Amino acid sequence: MTTKAMAVPTRQIAFVVDLNKCIGCQTCTVACKRLWTGHPGQAFMYWRNVETAPGQGYPRNWTAKGGGYKDGELQKGKRPGGADYGVPFDFDYEGRLFQGKADRARPSPAPHSAPNWDEEQGAGEYPNNHYFFLPRMCNHCSQPACLESCPNDAIYRRVQDGINVINLDKCKGTGSCVEACPYGKSFLNMADLKGNKCIGCYPRIEKGVASACVAQCAGRAMHVGFLDDMNSSVHKLVNVFKVALPLYPEFGTKPNVFYIPPAFGPMVEDAQGNPTNQAKIPLAYLEQLFGREVGSALALLRSERSRKMSGMPSDVMDTMIGARSADMMISPLT
Ligand code: SF4
Ligand code: SF4
Ligand code: SF4
């Protein structure tokens, strides 16, 4: 049961990531790093990352680290080790490309984890192998395990937008938030050993400007807005069409980052190389990520796409496409 009193925001910002449009280019990752993490410890600071799914993720095997809530009780998860984050290393281009060496790093042995370590590896056997890209950031949860676990009351929910922020003046580096966040999205900056995570670009949000990762998204795969803004694409995708779903809802933190599941990928090929009617990305895997509701979301996405392709109108597709960038982003605050 939640024991710590926390502010109840008057509004809630939310992000939607369309996994059908993300091309894994990492432009969002770089935008975030360039804007916010130019200080000591930058090499370790991935407020945002884009990983390949299925895959080990970042930090490595974060889905099994624990934390969050179970039956309403806060869970103390594991703190990822340094090897799970990976340590910066020089890539051995000469050895790898021209001398047939297997290790990526110089000197060897190579590390076995880093952001984006298993890019595009995925799962399954050719020709029915599959993967997609999964952008990740702090979920600015409505039930933030990080906040509740902090013994120094250093994490707070912003009343005006529901963005969860760490007050570095109060943080004493105990790392409780790192253990409690089931998404591995709060971590200790190795330079000052203070808690660190995405700030939701709140200085931009306050001005009615979209977060940097959304604004710079090369695939135009992201939306940001307030859930109570009936005209916002996030409200429509999450609350009306119900095609955008939280990641691992059973973690119990009530995330405010939502994902439109990959619905339009290729079909499994039979022995003759002909496409069947079964998607290469297994439904069971998507249910593992997004819960049982993913089945109805996929069905709606596919039927709406067929409508659009046959020339009929589709509010769902029009909202996802976002013909004008401005329609995918926050309205100016008034
Ligand atoms: Fe806290 Fe983790 Fe939720 Fe972010 S994703 S608000 S760090 S529990
Ligand atoms: Fe980084 Fe801002 Fe995106 Fe958070 S919202 S991941 S701080 S760019
Ligand atoms: Fe995906 Fe957009 Fe990030 Fe590129 S910038 S990796 S398309 S979310």
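Preceding block: the structure.
Summarised in this report is the structure supplied together with it. (Residues numbered from 1 in each chain as written. Chains lettered and ligands numbered in written order. Predicted model: local features only at pLDDT ≥ 70, side-chain atom pairs only at ≥ 80, totals over all residues. Heavy atoms only, no water.)

**Concerning the overall build of the protein**
- Counting its regular elements, the protein contains 11 helices and 16 strands.
- The C-alpha radius of gyration of the protein comes to 20 Å, within 12% of the 20 Å expected for a compact globule of 334 residues.
- For the protein, the C-alpha atoms occupy an extent of roughly 60 × 60 × 40 Å along the three principal directions.
- The buried share of the protein, taken over its 334 residues, is 50%.
- Relative to all contacts within the protein whose residues are 6 or more apart in sequence, the contacts with residues 24 or more apart total 68%.
- Of the roughly 16100 Å² of accessible surface on the protein, a fraction of 54% belongs to carbon and sulfur atoms. (Helix = DSSP H or I, 4+ residues; strand = E, 2+ residues; numbered from the N terminus. Rg over C-alpha atoms; globule rule 2.2 N^0.38 Å. Buried < 20%, exposed > 50% of the residue type's maximum accessible area, 1.4 Å probe, protein only. Contact = heavy atoms within 4.5 Å. Areas by Shrake-Rupley, 256 points an atom, 1.4 Å probe, with all protein chains shown as cover.)

**Let's talk about the site of ligand 3**
- The immediate surroundings of ligand 3 are formed by 13 residues, with Cys22, Cys25, Gln26, Cys28 and Cys217 found nearest.
- Looking at side-chain class alone, the shell around ligand 3 contains 8 nonpolar, 4 polar and 1 charged residues. (Near = heavy atom within 4 Å. Nonpolar A, V, L, I, M, F, W, Y, C, P; charged D, E, K, R; others polar.)

**Some remarks on unusual backbone geometry**
- Across the junction of Tyr58 and Pro59, the peptide omega takes the value -5°, indicating a cis bond.
- Phi is positive for Gln26, which is not a glycine, with a value near 70°.
- Along the chain, Gln26 turns up in the loop between β1 (13-18) and α1 (27-36).
- By relative accessible area, Gln26 is classed as buried at 16%.

**Structural notes on the nonpolar core**
- Counting residues in each nonpolar core, the largest one holds 80 residues, and the members touching the most others are Phe132, Leu247 and Phe290.
- With 5 residues, the single largest contributor to this core is β1.
- Excluding its chain neighbours within four sequence positions, the residues that come into contact with Leu247 are Trp62, Leu134, Arg136, Tyr183, Pro255, Val257, Tyr259, Leu289 and Phe290. (Core = buried A, V, L, I, M, F, W, Y, C linked by side-chain atoms within 4.5 Å.)

**Remarks on the packing of aromatic side chains**
- Taken as a whole and assessed by the stated rule, the structure comprises 11 aromatic pairs.
- Where Trp62 meets Tyr248, the ring centres are 5.8 Å apart and the plane angle is 90°; that geometry is what we call edge-to-face. Taken together, the residues Trp62 in the loop between β2 (49-53) and β3 (69-70) and Tyr248 in the loop between β13 (245-246) and β14 (257-260) connect sequence positions 186 residues apart.
- Trp62 gets classed as buried once you look at its relative accessible area, which sits at 3%.
- Its relative accessible area of 8% is what places Tyr248 among the buried residues.
- Pairing Tyr248 with Phe251 gives two aromatic rings, centres 4.9 Å apart and planes at 10°, and the pair type is stacked. For the residue pair Tyr248 and Phe251, the accessibility class agrees, reading buried in each case.
- Ring pairs connect the aromatic residues Tyr46, Tyr58, Tyr85 and Phe187, which therefore count as one cluster.
- Looking at Arg11, its charged tip hangs above the ring of Phe226, at a distance of 4.1 Å from the centre.
- A cation over a ring is seen here: Arg305 above Phe264, with NZ or CZ 4.6 Å from the ring centre. (Phe/Tyr/Trp six-rings, centres within 6.5 Å; stacked < 30°, edge-to-face > 60°. Lys NZ or Arg CZ within 6 Å of the ring centre and 35° of its normal.)

**Focus on the packing of helix α9 (residues 283-290) against helix α10 (residues 294-309)**
- Viewed as axis vectors pointing N to C, α9 and α10 meet at an angle of 115°, and their least axial separation amounts to 9 Å. Taking contact as the criterion, the partners of Leu283, Leu286, Glu287 and Phe290 in α9 are, on α10, Val294, Gly295 and Leu298.
- When grouped by side-chain class, the residues that make up the contact of α9 with α10 number 5 nonpolar, 1 polar and 1 charged. (Axes fitted to C-alpha atoms, helices over the stretch in contact; angles between N-to-C directions.)

**Things to note about the sheet that holds β13**
- The 4 strands are arranged β12-β1-β14-β13 in an open sheet whose pairing can be described as mixed. For this open sheet the edge positions go to β12 (222-226) and β13, each flanked by a neighbour on one side alone.
- Relative to β14, β13 runs antiparallel, the two sharing 2 bridges. Note that in β14 the partner of Pro246 across the bridge is Phe258.
- Sheet contacts for helix α8 (residues 233-240): β1, β12 and β14; angle to β12, the most-contacted strand, approximately 95°. (Pairing = 2+ DSSP bridges.)

**Comments concerning a nonpolar patch on the surface**
- Together, Phe91, Tyr93, Leu97 and Phe98 make up a nonpolar patch on the protein surface, roughly 470 Å² of accessible area in all.
- Per-element tally for the nonpolar patch: the top contributor is helix α3 (residues 93-98), with 3 residues.
- With respect to the helices and strands, the residue Phe98 is situated in helix α3.
- A residue is classified by how much of its surface remains accessible, and Phe98, at 62% relative accessible area, is exposed. (Patch = residues over 30% accessible without salt bridge, like charges linked within 9 Å, V, L, I, M, F, W, Y side chains within 5 Å. Salt bridge = Lys/Arg side-chain N within 4 Å of Asp/Glu carboxyl O.)

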